[in-house]
Amino acid sequence: MSSIIRLKAVYNRNMNKFKDRLKEVLAENKISQRALAKRLYLSQTIVNNYCTGKREPTLDVLISICKELDVSADYLLGLTD
């Protein structure tokens, strides 16, 4: 297996964890997708796409999500528990 294929597999696995963990953190903090979208000046559709895995946030948006939810990027990306 080439290193590019392995890298893609790790990336896809982490993005699957991202959507699951984003939904988890939102639920734990009782924050709706709509409320997060408003706080980040994004549309609710974009946040929903993050939560369903249809879209991935840019680095800037990821940082904003982490700050708004008071959670680390490592946690959201599945690099730590």
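Now for a look at the structure at hand.

For the protein, the count of helices and strands is five helices and zero strands. Of the regular secondary structure in the protein, the N- to C-terminal order runs α-α-α-α-α. Restricting the contact set of the protein to residue pairs at least 6 apart, pairs at least 24 apart contribute 57%.

Following both chains from N to C, one finds helix α2 (residues 33-40) and helix α4 (residues 59-69) inclined at 115°, their axes separated by 10 Å at the closest point. In terms of orientation, α2 lies roughly perpendicular with respect to α4. Crossing of α2 against α4: the hand is right-handed. Residues L36, R39 and L40 of α2 form the contact with α4, whose own contacting residues are S64, I65, E68 and L69. Its residues placed into classes, the contact of α2 with α4 shows four nonpolar, one polar and two charged.

Let's shift gears to the packing of α2 against helix α3 (residues 44-52). Viewed as axis vectors pointing N to C, α2 and α3 meet at an angle of 120°, and their least axial separation amounts to 8 Å. For the element pair α2 / α3, the angle class is oblique. Relative to α3, α2 is oriented so that their crossing is right-handed. Facing Q33, R34, L36 and A37 of α2, the residues of α3 in contact are Q44, V47, N48 and C51. Taken together, the residues of the contact of α2 with α3 sort by class into four nonpolar, three polar and one charged.

A separate point is the environment of C51. Within the secondary structure, C51 sits in helix α3. Sequence-wise, C51 and N16 are 35 residues apart; in three dimensions their C-alpha atoms are separated by 9.4 Å. When neighbours within four sequence positions are excluded, C51 is seen to be in contact with K19, L22, K23, L26 and Q33.

Moving on to α2. Where α2 is concerned, the buried positions are L36, A37 and L40. One face of α2 carries all of its buried residues, which in axial projection span an arc of 100°. Opposite the buried face of α2, at more than 90 degrees from it, the exposed residues are R34 and K38. In the segment just after α2, Y41 is the residue with positive phi, at about 60°.

It is worth spelling out unusual backbone geometry at this point. Even without being a glycine, K30 presents a positive backbone phi close to 50°. The phi dihedral of D70 falls on the positive side, at around 55°, and the residue is not glycine. Tracing the backbone shows D70 in the loop between α4 and α5 (73-76). Overall, the relative accessible area of 73% leaves D70 in the exposed class.

What counts, and where the lines are drawn
Residues numbered from 1 in each chain as written. Predicted model: local features only at pLDDT ≥ 70, side-chain atom pairs only at ≥ 80, totals over all residues. Heavy atoms only, no water. Helix = DSSP H or I, 4+ residues; strand = E, 2+ residues; numbered from the N terminus. Contact = heavy atoms within 4.5 Å. Axes fitted to C-alpha atoms, helices over the stretch in contact; angles between N-to-C directions. Parallel < 35°, antiparallel > 145°, perpendicular 65-115°, else oblique. Left-handed = near helix turned anticlockwise from the far one by under 90°. Nonpolar A, V, L, I, M, F, W, Y, C, P; charged D, E, K, R; others polar. Buried < 20%, exposed > 50% of the residue type's maximum accessible area, 1.4 Å probe, protein only. Arc of directions from axis to C-beta.

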